[in-house]
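These are the residues of each chain, in order.
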Amino acid sequence: MIYTVTLNPSIDYVVQVEEVTLGKLNKIHTDFKLPGGKGINVSRILHALETESTALGFLGGFTGEFIANWLKNECIDTDFIQVQDDTRINIKLKSIEETEINGRGPTITNEEADRLLRKLSELKEDDVVILSGSKPPSLPEDFYQQLIKRISGSNATFVIDTTGKDLETALSYKPLLIKPNTVELSDLFNVDLKKQEEIIPYGKKLLELGAEHVIVSMAGDGALLFTSEGVFRGISPSGTVKNSVGAGDSMIAGFIGEFMKSKNAVKAFKMGLAAGSATAFSDDLAKKEDILSILAAVQVEEF
Ligand SMILES: Nc1ncnc2c1ncn2[C@@H]1O[C@H](COP(=O)(O)OP(=O)(O)OP(=O)(O)O)[C@@H](O)[C@H]1O
Ligand SMILES: O=P(O)(O)OC[C@@]1(O)O[C@H](CO)[C@@H](O)[C@@H]1O
């Protein structure tokens, strides 16, 4: 079974404003609301690709209800811990450039946090848990580590898509996949990585530190896959970018959905690249037909 964990879900409030002027009244051209949060996005793409998962994490208030209803309508299995405080609203402002304003997230009480920890003590060996996104600040600093210990204690595997210390600490527990983007990788090693050649030694280092597969995503420039078999470069197909929010989550879902079936990392990487680009070319997350039509155009070569 695949589980996704979103500690800090959101309503993504997507607003289009022709030109934003700070300090003035700006009128919205179009707007819409989507369920957001990285693990939830992964569950939605997995479902689009006909791989079922259960979405876990914390949801609260009217905003949490919006997300729960949306996922129910999409027939996605969920088992969220209900919290007292409201789930956050993240603003995705589309203008000449894309600007994101993300909330800090609700207060999670110790009792609510414990309920999630207990849930993750009941896993089976062949379960995979995808841990994605930021933590609300009220959770303990080492909360991801506490979750990973439970997962590893059940001999289940995990994927982690987060940043900084949480990502660094997770490596020694041998994640099946990590997917930093270029900025996140640069931050992790306190360097400024720009070219693909510069990224290679750091991707390899992440394998040495414990990750089984590493994808370094580079938005429109594609991605690099690092495995014990070698390093592979994936080229993104070109298209009209509508919304890059969730492209990284789609890439993880594409990879894991395919890897769970074939155990073939290069084949899974191709599906990840297709799902990432298909989402970048869609208003919401990609649909199955968009992903499959892009898959044929995805190119992967050994680096
Ligand atoms: N502009 C684009 N054109 C084509 N493909 C894209 C574009 N942006 C993203 N993708 C695809 O999606 C993958 C993941 O995108 P990106 O590197 O932006 O991840 P991310 O930073 O984790 O994104 P996010 O946090 O917005 O979900 C890329 O490696 C690429 O395959
Ligand atoms: O604050 P986090 O958890 O790092 O990121 C949250 C978020 O920006 O990530 C998703 C896209 O990847 C969005 O749906 C959501 O708003």
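Parameters and conventions
- Residues numbered from 1 in each chain as written.
- Chains lettered and ligands numbered in written order.
- Predicted model: local features only at pLDDT ≥ 70, side-chain atom pairs only at ≥ 80, totals over all residues.
- Near = placed C-beta within 6 Å.
- Nonpolar A, V, L, I, M, F, W, Y, C, P; charged D, E, K, R; others polar.
- Helix = DSSP H or I, 4+ residues; strand = E, 2+ residues; numbered from the N terminus.
- Domains from an automatic or database assignment.
- Contact = placed C-beta atoms within 7 Å.
- Axes fitted to C-alpha atoms, helices over the stretch in contact; angles between N-to-C directions.
- Parallel < 35°, antiparallel > 145°, perpendicular 65-115°, else oblique.
- Left-handed = near helix turned anticlockwise from the far one by under 90°.
- Pairing = 2+ DSSP bridges.
- Core = buried A, V, L, I, M, F, W, Y, C linked by C-beta atoms within 7 Å.
- Buried ≥ 20, exposed ≤ 12 C-beta atoms within 10 Å, placed from the backbone.

Undergrad: What should I look at first to understand the site of ligand 1 in this one?
TA: S217, G220, S236, G248 and G276 are the nearest of the 20 residues found near ligand 1. Considered class by class, the residues forming the shell around ligand 1 number 9 nonpolar, 10 polar and 1 charged.

Undergrad: Any chance you could explain the site of ligand 2 here in plain terms?
TA: The environment of ligand 2 is made up of 16 residues, and the closest members are S10, G36, N90, G133 and S134. Secondary-structure elements contributing two or more residues to the shell around ligand 2 are β2 (10-16), α1 (38-48) and α8 (247-262). Counting only domains with at least three residues in the shell around ligand 2, you end up with domain 1 (1-139) and domain 2 (176-303).

Undergrad: Mind showing me how you'd approach the domain arrangement of the protein chain here?
TA: The parts lose accessible area when they come together, and the size of an interface is often stated as this lost area. Per the domain assignment, the segments making up the protein chain are domain 1 (1-139) and domain 2 (176-303). Here the C-alpha centre of domain 2 lies 21 Å away from the C-alpha centre of domain 1. In this assembly, 17 residues from domain 1 lie in contact with 19 residues from domain 2. Every element with two or more residues in the side of domain 1 that touches domain 2 is listed here: α1 and β9 (128-132). Of all the elements, α1 adds the most residues to the side of domain 1 that touches domain 2, at 7 residues. Along the lines of polarity and charge, the residues of the side of domain 1 that touches domain 2 split into 9 nonpolar, 3 polar and 5 charged.

Undergrad: Got a minute to help me understand the packing of α1 against α8 in this structure?
TA: Relative orientation and spacing of two packed helices are given, respectively, by the angle between their axes and the distance between those axes. At their nearest, the axes of α1 and α8 sit 8 Å apart, and the two run at 50° to each other. In this view, α1 runs oblique relative to α8, as classed from their interaxial angle. The two elements α1 and α8 cross, and the hand of that crossing is right-handed. Here α1 contributes K38, N41, V42, I45 and L46 to the contact with α8, which in turn contributes D249, S250, I252, A253, G254 and G257.

Undergrad: In this structure, what is going on with the sheet that holds strand β8 (residues 98-101)? I would like to understand it.
TA: Neighbouring strands of a sheet are bound in pairs by backbone hydrogen bonds; such pairs are parallel or else antiparallel. If you walk across this open sheet you meet the 4 strands as β3-β2-β7-β8, and the pairing is mixed. The open sheet has two free edges, formed respectively by β3 (30-36) and β8, since each of these has just one partner strand. Along the sheet, successive strands turn relative to each other by an average axial angle of 20°, direction set aside. Across the sheet, helix α2 (residues 61-73) is in contact with β2, β3 and β7 (88-94); its angle to β3 comes to roughly 80°.

Undergrad: Sorry if this is basic, but what is going on with the nonpolar core here?
TA: Soluble globular proteins tend to pack their nonpolar side chains together in the buried interior. The biggest cluster of nonpolar side chains holds 76 residues, and the ones touching the most others in it are V129, I130, F255 and I256. By residue number, the principal contributor to this core is helix α9 (residues 265-280), which donates 9 residues. Structurally, this core is a two-domain feature, drawing no fewer than three residues from each of domain 1 (1-139) and domain 2 (176-303). In this structure, F255 is in contact with L177, I215, A268, F269, M271 and G272, ignoring residues within four places of it in sequence.

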